[in-house]
Number of protein chains: 2
Amino acid sequence: MVPMNLYLEGRAVDVISTGSWTKKAIKEIKRVGDVSIIASSEESNFSYIPSDFSFNANASYTYITSNNTIAGTQWSDIPTTPTPLVADMSSDIFSREIDINKFGLIFAGAQKNIGPSGVTLVIIRKDLLKRSSENLGTMLNYNTHVDNQSLYNTPPTFGIYMMNLVFEWLEEKGGLNAIERINKEKAKKVYDCIDGNFYISPVEKESRSLMNVVFRIKNNDELEKKFIQEAETAGLSGLKGHRSVGGCRASIYNACPEESITELVTFMKDFEARHR
Amino acid sequence: MVPMNLYLEGRAVDVISTGSWTKKAIKEIKRVGDVSIIASSEESNFSYIPSDFSFNANASYTYITSNNTIAGTQWSDIPTTPTPLVADMSSDIFSREIDINKFGLIFAGAQKNIGPSGVTLVIIRKDLLKRSSENLGTMLNYNTHVDNQSLYNTPPTFGIYMMNLVFEWLEEKGGLNAIERINKEKAKKVYDCIDGNFYISPVEKESRSLMNVVFRIKNNDELEKKFIQEAETAGLSGLKGHRSVGGCRASIYNACPEESITELVTFMKDFEARHR
């Protein structure tokens, strides 16, 4: 929906390519118009968030994926852009404080930090709404949803109700500031196990995600298999890396409690001691 | 999505116009191509399902809304069409047996007879899939969902899980054949109260919906207001007609038990006795 609504004829979209989600977005933008990839870390399997690029002042907008679940990278600092910044924040929204003024549009599937799958949250800067053509299908035009307060159609009521409960939980925790501190502590504990000898991170230090800790074990497929199996038996599930890249991955979204991190780290240290 | 995927250049869509939902569909088809309204009951406030029309053998497809929630009409017999029949069955799917072979495509929002809002069920005849242009956005192309067994994106898992429970419930009841019999009995009990003197049906007999029983009380707004208020007090809620047409409406989907119908009918008779 983003390119359909925000693309301006003849003004290529600036994209910083950081993984599979950005690549899928590029494919969709190309159906509507042109793309200018101003930086990419694809040459190193998306192991870092690029920092060396310059924006086109004439772009329709600038596009980033703020957190990359498969590569395990995350934008630690959101860039300031000359054109409206559009961010797919599906996997790290509400995990930390952000400066909302930097963004033109944020969209996020609910299923990581917001609530059950089947709801998508969109935040759009009001002045961008006038870009949408009246020829767009009614449901595909952001104005329909803004004008009708997201009630043009029957919305996914259960999901929205659950979102509200999650937001209440988040406020009880102390809000974004508090959850950011907790998430940083959680991630640090896991990354501290990854010293580069036994557990190896394919991700450059400055680009490491607070949500998805991706790691390898001595680049040894067999050992990783054993690790994932034993972890499963110990009650630690979901540690297999995404099927497209293999390896291991600990996804530690807001809902993952600190106790689970303690258990994971204990298990990782024990496994290392037994297989070093 | 239907016109985007199924429209064939230069071949207007045959539409039988039976209410607000069809009118919205016509608006969306017109964004993509031409519409040929081969019959309409708009001149009588959509009080019946037309039976006098002839199909264009060259249409891209034929479009109907099988049940009209606001007008309170329903196609009792699904027509046999020379071009693929596309039906919005949002409000009566799984309420009765249908001959699936008559349809090219069925779509239905879940929130009436299937499960919670936020899921849409689509049944498409395989040969129609080749009509979709590769230029369509990935999520807007039916092939994406067929090729990936509805798992290209993270689907609304909770809604789908609930759908399964509803289907199990439906099978325990005896399936579509059984629910159709129950629905007919339920609707008959309410329509039997509507004799045309006190309670008046704006809908022609042959076109009356088994799902949405629409009625007026002596065409008297004040009396209807009183009826709705007293019903509410008696625990019978939701009897107000759609805001666009006024009057009263009993929506008696699959989930509405026979006991509720008995209570409603008792209340209607009592109210009539007091205000005749």
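Residues numbered from 1 in each chain as written. Chains lettered and ligands numbered in written order. Predicted model: local features only at pLDDT ≥ 70, side-chain atom pairs only at ≥ 80, totals over all residues. Heavy atoms only, no water.

For the pair chain A and chain B, the relating rotation is 180 degrees, the translation along its axis is 0.0 Å, and the fit reaches an RMSD of 0.0 Å. When the rotation and shift are considered jointly, the pair of chain copies conforms to a two-fold rotation axis. Rotation axis and chain A: the residue whose C-alpha lies nearest the axis is glycine 118 of chain A, separated from it by 3.2 Å. In this assembly the copies share their binding face: 100% of the residues contributing to the interface of chain A also contribute to that of chain B. (Least-squares fit on C-alpha atoms with pLDDT ≥ 70 in both. Contact = heavy atoms within 4.5 Å.)

Residue and element names in this part refer to chain B. Counting buried positions over the five residues of strand 7 (residues 105-109) gives five, a clear majority of the element. Residues Leu105, Phe107 and Gly109 of strand 7 are buried on one face, and the alternating residues Ile106 and Ala108, pointing to the opposite face, are buried as well. Sheet topology note: the strand 6 (residues 85-88)/strand 7 ladder contains three bridges and is parallel. Looking at the pairing, valine 86 lines up with leucine 105 of strand 7. Two elements, strand 7 and strand 8 (residues 120-124), share five bridges in a ladder whose sense is antiparallel. In the sheet register, alanine 108 faces strand 8, and the bridge partner there is leucine 121. (Buried < 20%, exposed > 50% of the residue type's maximum accessible area, 1.4 Å probe, protein only. Helix = DSSP H or I, 4+ residues; strand = E, 2+ residues; numbered from the N terminus. Pairing = 2+ DSSP bridges.)

Interfaces are often sized by the accessible area lost when the parts come together. Listed as interface residues are 20 residues of chain A and, on the opposing side, 20 residues of chain B. Taking both partners together, chain A and chain B bury about 1500 Å²; carbon and sulfur atoms supply 48% of that area. Together, Arg31, Ser117 and Phe158 of chain A form the three largest contributors to the area buried by chain A at its contact with chain B, with a combined 30%. Counting the contacts that link chain A with chain B gives zero salt bridges. If you look at where chain A meets chain B, you find twelve residue pairs in polar contact (both at pLDDT 80 or more). Contributions of two or more residues to the side of chain A that touches chain B are made by helix 2 (20-32) and helix 4 (157-173) of chain A. Broken down by element, the side of chain A that touches chain B gets its largest block of residues, four residues, from helix 2 of chain A. (Buried area = accessible area lost by both parts, 1.4 Å probe. Salt bridge = Lys/Arg side-chain N within 4 Å of Asp/Glu carboxyl O. Polar contact = N/O pair within 3.5 Å; in protein donor to acceptor, adjacent residues only side chain to side chain.)

Moving on, we come to the sheet that holds strand 10 (residues 212-217) of chain B. All names here are of chain B. Strand order across the open sheet formed by three strands is 9-10-11, with antiparallel pairing between neighbours. Each end of this open sheet is capped by a strand with a single partner; those strands are strand 9 (199-200) and strand 11 (248-251). Where strand 9 and strand 10 come together, two bridges link them in antiparallel fashion. By the bridge assignment for strand 10, tyrosine 199 is matched with isoleucine 217.

Let's shift gears to the environment of leucine 105 of chain A. Residues and elements named next belong to chain A. On the secondary structure map, leucine 105 appears in strand 7 (residues 105-109). Between the C-alpha atoms of leucine 105 and glutamate 272, which are 167 residues apart in sequence, the distance is 44 Å. In contact with leucine 105, not counting residues within four places along its chain, are Val2, Leu6, Leu85, Val86, Ala87, Val122, Ile123, Ile124 and Tyr142.

Any functional reading would require information beyond the geometric quantities listed.
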